[in-house]
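# Descriptive structure summary
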Amino acid sequence: MGTLKGIPTDEEQATGLERRALQALKQGKDPYSMLKPKQYAGTKEDPHIVPSIGTKRMVGCLCEEDNTAIVWFWLHEGEAQRCPSCGSHYKLVHHELPH
């Protein structure tokens, strides 16, 4: 618990969802997708991972770094799918909500 002197740490005073998030981060988990996503090559062997609580999700692809138009398409559960414009691969993975 807390100490008699000084200011309590974030872990000592956190409650509710903040406490659960801090405990999960301490274990190396990212329950609320707060951290920067891992970089993927976007190839068939190493597709971009897209978390979803359903069986499909709308995905937007910026095919080129300086592109101003987003290519939107539906990504379905199963095998990795390609962006219809640039060919980058995406894979939908099931993700449980932490609460």
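See the structure above.
As a starting point, this report considers the structure included with it. For clarity, every value in this text was computed on a predicted model and none was experimentally measured.

What follows concerns the pairing of strand β5 (residues 89–94). As defined by bridge partners, strand β1 (residues 48–52) adjoins β5 across 5 bridges and the pair is classed as parallel. By the bridge assignment, Ile49 is partnered in β5 with Lys91. With 2 bridges connecting them, strand β4 (residues 81–82) and β5 associate as antiparallel partners. Residue pairing across strands places Gln81 opposite Tyr90, the latter belonging to β5. Once β4 ends, the chain turns through 6 residues before running back antiparallel as β5, passing Gly87 with a positive phi of about 90°.

Across all of its chains, the model carries 1 salt bridge by this definition. Residues Glu11 and Lys26 are paired through a salt bridge, measuring 3.4 Å at the closest nitrogen-oxygen approach. Highlighted residues: Glu11 in helix α1 (residues 10–13) and Lys26 in helix α2 (residues 16–26), separated in sequence by 15 residues. On the basis of relative accessible area, Glu11 is assigned to the partly exposed category, the value being 43%. The exposure class assigned to Lys26 is exposed, which follows from its relative accessible area of 64%.

Residues Met58, Leu62, Ile70, Trp72 and Trp74 make up a contiguous nonpolar surface patch of about 550 Å² in total accessible area. One can find Met58 in strand β2 (residues 56–61). Judged by its relative accessible area of 37%, Met58 is partly exposed.

To continue, consider the packing of aromatic side chains. Enumeration over the complete set of coordinates arrives at 1 aromatic pair. With a centroid separation of 5.6 Å and 65° between ring planes, the pair formed by Phe73 and Tyr90 is classed as edge-to-face. In this pair, Phe73 is assigned in strand β3 (residues 71–76) and Tyr90 in strand β5, connecting sequence segments 17 residues apart. Just as Phe73 is buried, Tyr90 falls in that class too. For Lys56, the ring lying beneath its charged end belongs to Trp74, and the centroid distance is 4.8 Å.

Rules used throughout
- For every chain, the first residue of the written sequence is number 1, and numbering continues from 1 along that sequence.
- Local features in a predicted model are, by the rule used here, given only for residues with pLDDT of at least 70; side-chain atom pairs are given and counted only at 80 or more, and totals for whole chains, interfaces and linings are based on all residues.
- Where side-chain values are given, they derive from all heavy atoms of the structure, hydrogens and water being excluded.
- If DSSP finds at least two bridges between two strands, the strands pair.
- For the purposes of this entry, the term helix denotes a DSSP run of H or I that reaches at least four residues, the term strand denotes a run of E that reaches at least two, and both are numbered from the N terminus.
- A pair is scored as a salt bridge if a Lys or Arg side-chain nitrogen falls within 4 Å of a carboxyl oxygen belonging to Asp or Glu.
- For each residue, the accessible area found with a 1.4 Å probe, counting protein chains only, is set against the maximum for its type, and the residue is called buried under 20%, exposed over 50%, and partly exposed in between.
- Like-charged residues are merged into a patch within 9 Å and nonpolar side chains (Val, Leu, Ile, Met, Phe, Trp, Tyr) within 5 Å, provided each residue has over 30% relative accessible area and no salt bridge.
- Accessible surface is estimated by sampling points in the Shrake-Rupley manner with a 1.4 Å probe; for residues, cover comes only from the protein chains shown.
- Two aromatic rings, drawn from Phe, Tyr or Trp (for Trp, its six-membered ring), form a pair once their centres lie within 6.5 Å of each other, and the interplanar angle then sorts them: stacked below 30 degrees, edge-to-face above 60, tilted otherwise.
- Two conditions define a charge sitting above a ring: the NZ of Lys or the CZ of Arg must be within 6 Å of the ring centre, and it must be within 35 degrees of the ring normal.

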